[in-house]
Every structure is written in structure tokens, then in C-alpha cells.
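Coordinate analysis (summary)
The residues making up each chain are set out below.
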Amino acid sequence: MVVCFVVARWPNLIDRTVNRELDIIYLDNAASTWPKPPGVAEATARMIAECAAGPGRGTHRMALAAGRVLLETRSRLATLFGIRNPSDIAFTANCSEALNLAIKGFVRPGDHVVTTTLEHNSVRRPLAELERKYGIRTTYVKADREGNLDLKAFEAAFLPNTTLAVCTHASNLLGSVLPVADMAAIVRRHGARLLVDAAQTAGARPIDVEAEGIDMLAFAGHKGLFGPQGTGGLYVHPDIVLEPLVHGGTGSQSENSDMPDVRPDRYEGGTPNVPGIAGLGEGIRYVIEQTPEAIRDKEYGLTAMMMDGLAGIPGVRLLGPGPGKDRAGIVSFVAEGVESAELAFLLDRQYGIAVRAGYHCTPLAHETAGTAETGAVRASVSCMNTPDDVKALIGAVGEIVTSKRRA
Ligand SMILES: Cc1ncc(COP(=O)(O)O)c(C=O)c1O
């Protein structure tokens, strides 16, 4: 019965959500970007239609062609992030898996980890799991309400047994951007390594792992890199050896019961998402053509406009860094007299505007911002958005909040 219902409704759902003609204003890009640039959907579909073989698992033409797609996308990632050897990048299903691979693969019993109160649950939960299982210790350095981190407090958190520091590059709630190069210098001084969660920044601003001293970089493919969902990856510095997260088929060294030492095979057990990675390759091509600098500047312009407009609505309080300060393309806010979930619901149903309400998988950042009780509404742009999208949001929030305050 349930299955029939889902199947019967499915075509409508697709029509409503993927057709730009139907007037959806999509401002939930921090979750997954949409729309994707030209070529992404085509490349994904083409792999399914024409080249669905297992890469690295055969010598026939189709398997080799699939392998070339992985290599091409890996090489584009390396170009984008200033990585010398593309094999130091492992594909994962998303940023959460990349963070799990890095954290669980690196941290050992007895270790201490330094992190921040801006982290996503995809950092907090694997750390909590290691605390429970192996008694590792974690220090959460407190950011201020706007999402800024005091570097002196960060440095003071290091202990003799600190082996890893983990930080988000940009808060997925507050949009604040952390100074990763300065943090990397501190981490190095203490003989530890730095893992950066670039879920909100990969593709949307310049990142150079060598210049910035980043030892591991976890990223989502489906956000600022414009790939399909089910894609992501982890860069691992050549002198770091992680325990694999998945033990299984790699198509290499099959006689060996351990995972191979060779990269990226060591970290890529099982058949990868070749169609998704083909689409990701097209997304990265687009980012490289546009340049991350130009994308950052466009998003910043839209974000500044959004902040300006929302701040002018009586009863609306913006979270995160104030006007003129650096931030990712994220504006979260609370409105007096309207619950966040209701506001997001009305924006969708009455105005066709997609935003995200609730806790955004980061209760730590909500505590930091003082919104642990209320949650917040988050509107997030990509470089595909326009000033008209932002104007529509400001107008709709104004109408909803004003009518609720009158009621
Ligand atoms: C800062 C941050 N880290 C990690 C993640 C998890 O990313 P994914 O959904 O690709 O697993 C997100 C997702 O929104 C995020 O914003």
C-alpha cells in the first residue's frame, strides 16, 4: 500500500522540484546546490546509458573508460585545491563519510583532539563515538556569538597528546569563515595535524591545501562543487596513513587480505559512484571556469543584499558576522512571533521559496549563537541565484512577519 502511494506520487514530486519554470526559488544551497550547471546531469546520465562498468576491475574498454572518468575528476579536484598528486584524493559518498574516514582513520586511543563549537554533527558524532569507544578526549574551543574563533583560545586548548585539530572552514549556520591558514600554523607548532571540513566552502571560495597548510580536506561534491548527491571526497597529505573506513574490493592486490597501501585504493573499498563522479567532474569544470574567487564575490554580493533587506524587517534578528565582514553565502535569522519551522513552511507553500529551518545538524553552533531553544531559518545562495531571488525572499519574509505581528 505504502509502496503504491510512493510510486503514484513520484512523478508529481519530480515535476514540482526540478522544474525552474514552476517558480521555485531555491535558497537551500548549503544543503545541496540546485540548479546544477549545464553538463552535470548529462554527464551523469551518459555514464549510466553508455559506460556503467566497474572502474579498476577489468581491462575491457568500458572499464577503462570508467577509470578515466575517475582520473579526470580527481585531476580537476587536484587543480582546484592545489594538490600535487590527484591520488591523494579519495572519493566518498558525501562530506560526512569523508570526515568519518579522516577522524576514525587518524585518531588513536589516548589521543586528544581540538575542535570548535561551530562543528557539524558529522564532526561531533564521530568524535563522540571515539570518546565512548576508546576514551579519546576532545576539547571544543568556544566561538563567539557571531561565529568568530579566538586564535589564542584555540592555541591554549592544545595538550601534549593532541594529535588532531578539526575545524569547519565556514559555519553552516552562521556563515562565519575560520582563518584556516593561521590555525594550521598553530597546529603545526604543536606537532598535530589539521583536518578542515570544507562542506560549505569547496568550490565557493579559493582553497589551496599546500599554501594554507591543510593536512586533510573533507568536501561534499553536491554543494559548491555542483556535483550530484552521493559524491564527496577527502584529501589526505602524503605522509599521513589512515586506517580505511571500508574494507572491501578495490580491484587491486586481490590476494592480500588487508586493504592495499596504494592510494586512492586504500580508502575506496567497493565500486564507486561513477555516474555521480562523472557529473561532479562537470560541476568542477564549471567552478574552475568561473573561478572560486568570482563565485565567492557573487555570493557575497547576494548575501550582503539579503542581510541588508532582512535586517530592515522589524522583529527579524540576523545571526553570524555583521555587515561588511567576511561570510559564506549563508544568512540565518529568527523572527519575533513566528517559529522558524512555520516561517520556512509558509515561505515554501505560499511563496515557493525553499529555505531550511531547525537545527541544521549543528546544535553546537546554535548554542554558540544563543538559538538552541528556537532554532533558526537559514537561507543560502549559490552563484546560480539572482538578486531577484533575494528580493523575493525579503518581500515574503516581510509580509509573513508583519502579518504575524499584527495578528
Ligand atoms: C559544515 C558541514 N559539514 C558536514 C556536512 C555534511 O555534508 P554531507 O551532507 O555531504 O555529508 C555539512 C552538510 O550540510 C556541513 O554543512
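Quick notes on the rules
- Residues numbered from 1 in each chain as written.
- Predicted model: local features only at pLDDT ≥ 70, side-chain atom pairs only at ≥ 80, totals over all residues.
- Heavy atoms only, no water.
- Helix = DSSP H or I, 4+ residues; strand = E, 2+ residues; numbered from the N terminus.
- Rg over C-alpha atoms; globule rule 2.2 N^0.38 Å.
- Buried < 20%, exposed > 50% of the residue type's maximum accessible area, 1.4 Å probe, protein only.
- Areas by Shrake-Rupley, 256 points an atom, 1.4 Å probe, with all protein chains shown as cover.
- Lys, Arg positive; Asp, Glu negative; His and termini not counted.
- Charge placed at Lys NZ, Arg CZ, Asp CG, Glu CD.
- Near = heavy atom within 4 Å.
- Polar contact = N/O pair within 3.5 Å; in protein donor to acceptor, adjacent residues only side chain to side chain.
- Nonpolar A, V, L, I, M, F, W, Y, C, P; charged D, E, K, R; others polar.
- Pairing = 2+ DSSP bridges.
- Right-handed = clockwise from strand over helix to strand, strands pointing away.
- Contact = heavy atoms within 4.5 Å.
- Salt bridge = Lys/Arg side-chain N within 4 Å of Asp/Glu carboxyl O.
- Domains from an automatic or database assignment.
- Buried area = accessible area lost by both parts, 1.4 Å probe.
- Axes fitted to C-alpha atoms, helices over the stretch in contact; angles between N-to-C directions.
- Parallel < 35°, antiparallel > 145°, perpendicular 65-115°, else oblique.
- Left-handed = near helix turned anticlockwise from the far one by under 90°.
- Core = buried A, V, L, I, M, F, W, Y, C linked by side-chain atoms within 4.5 Å.
- Expected span 1.5 Å × (residues − 1).

With that out of the way, let us pick up the overall build of the protein chain. If you tally the helices and strands in the protein chain, you get 13 helices and 13 strands. Its C-alpha radius of gyration of 22 Å places the protein chain within 12% of the 22 Å reference for a compact globule of 407 residues. If you line up the protein chain on its principal axes, its C-alpha atoms span 70 × 55 × 45 Å. Of all 407 residues assigned to the protein chain, the portion counted as buried reaches 53%. As presented, the protein chain carries roughly 17900 Å² of accessible surface, and 54% of it is formed by carbon and sulfur atoms. Taken as two groups, the 41 positive and 46 negative side-chain charges of the protein chain have centres that lie 2 Å from each other.

So, on to the site of the ligand. Around the ligand, the surrounding shell holds 15 residues, and the nearest of these are S96, D197, Q200, H222 and K223. Here an oxygen atom of the ligand and a side-chain polar atom of K223 are 2.5 Å apart. Taken by itself the ligand offers 390 Å² of open surface, and the protein chains cover 90% of this. For the shell around the ligand, a count of residues per class yields five nonpolar, eight polar and two charged.

Attention shifts here to the pairing of strand β6 (residues 193-197). The buried count for β6 comes to five of five residues, which makes it a mostly enclosed element. Covered by surrounding structure in β6 are R193, L195 and D197 together with L194 and V196, the residues of both alternating faces. As paired strands, strand β5 (residues 162-168) and β6 are joined by five bridges and run parallel to one another. In the strand pairing of β6, T168 is matched with D197. A crossover connection joins β5 to the parallel β6 through helix α7 (residues 180-189); in handedness this β-α-β unit is right-handed. As paired elements, β6 and strand β7 (residues 216-220) share three bridges and run parallel to each other. Residue pairing in the sheet places D197 in a bridge with A218 of β7.

Take T371: it is sitting in the loop between α12 (363-369) and β13 (376-380). Not counting residues up to four positions away in its chain, the partners in contact with T371 are L173, R317, L319, V334, Y359 and H366.

Let us now look at the side chain of D265. Note on placement: D265 falls in the loop between β8 (232-236) and α9 (274-290). R74 provides the closest opposite charge to the buried, unpaired D265, separated from it by 6.4 Å. Contacts of D265, omitting those with residues within four sequence positions, involve T250, S252, M259 and P260.

A word on the domain arrangement of the protein chain. When the domains of the protein chain are assigned, the result is domain 1 (25-30 + 291-406) and domain 2 (40-290). Its C-alpha centre places domain 1 at a distance of 28 Å from the equivalent point of domain 2. For domain 1, the biggest contributors to the area lost against domain 2 are P292, L364 and T368; these three give 22% of the whole. Across the pair E146 and K325 runs a salt bridge, and its minimum N-O distance is 3.1 Å. For the side of domain 1 that touches domain 2, a count of residues per class yields 16 nonpolar, 12 polar and eight charged.

Another aspect to go through is the packing of helix α10 (residues 292-311) against helix α13 (residues 387-406). Two elements in contact, α10 and α13, have axes whose closest approach is 10 Å; the angle formed by their N-to-C orientations is 20 degrees. Between α10 and α13, the angle falls in the class roughly parallel. Like other packed secondary-structure pairs, α10 and α13 cross with a definite hand, here right-handed. On α13, the residues that touch L302, M305, M306, G309 and L310 of α10 are P387, V390, K391, L393, I394 and V397. Its residues assigned to classes, the contact of α10 with α13 comprises nine nonpolar, one polar and one charged.

Moving on, we come to the environment of I313. Summarising the element assignment, I313 is placed in the loop between α10 and β9 (316-318). Given the relative accessible area of 9%, I313 is considered buried. Taking the C-alpha atoms as reference points, I313 and T79, 234 residues apart in sequence, are found 43 Å from one another. Here I313 is in contact with I394, V397, G398 and V401, once residues within four sequence places are set aside.

To continue, consider the nonpolar core. Across soluble globular proteins, nonpolar side chains show a tendency to be buried alongside one another. One finds F81, F154, L217 and L225 to be the most contacted residues of the largest nonpolar core, which totals 58 residues. Looking at which domains feed residues into this core, each of domain 1 (25-30 + 291-406) and domain 2 (40-290) supplies at least three.

This next bit is on helix α3 (residues 61-81). The terminal C-alpha atoms of α3 lie 30 Å apart, and with 21 residues this matches the ideal 30 Å at 1.5 Å per residue to within 8%. Of the positions making up α3, those classed as buried are A63, A66, V69, L70, T73, R74, R76, L77, A78, L80 and F81. Those residues of α3 that are buried are in contact with α2 (40-50), β2 (89-92), α8 (209-212), β7, α9 and α10. Looking at the residues trailing α3, positive phi occurs at G82, about 65 degrees.

Glancing now at α9. Taking 1.5 Å of rise per residue, the 17 residues of α9 would be expected to cover 24 Å, and the 24 Å separating its terminal C-alpha atoms lies within 8% of that figure. Listed as buried for α9 are V274, G276, I277, A278, G279, L280, G281, E282, G283, I284, Y286 and V287. Contacts made by the buried residues of α9 are with α2, α3, β2 and α10. At the N-terminal boundary of α9, the capping side chain belongs to N273, with an oxygen 2.8 Å from the backbone nitrogen of G276. Once α9 ends, the next one or two residues include T291, with phi positive near 80 degrees.

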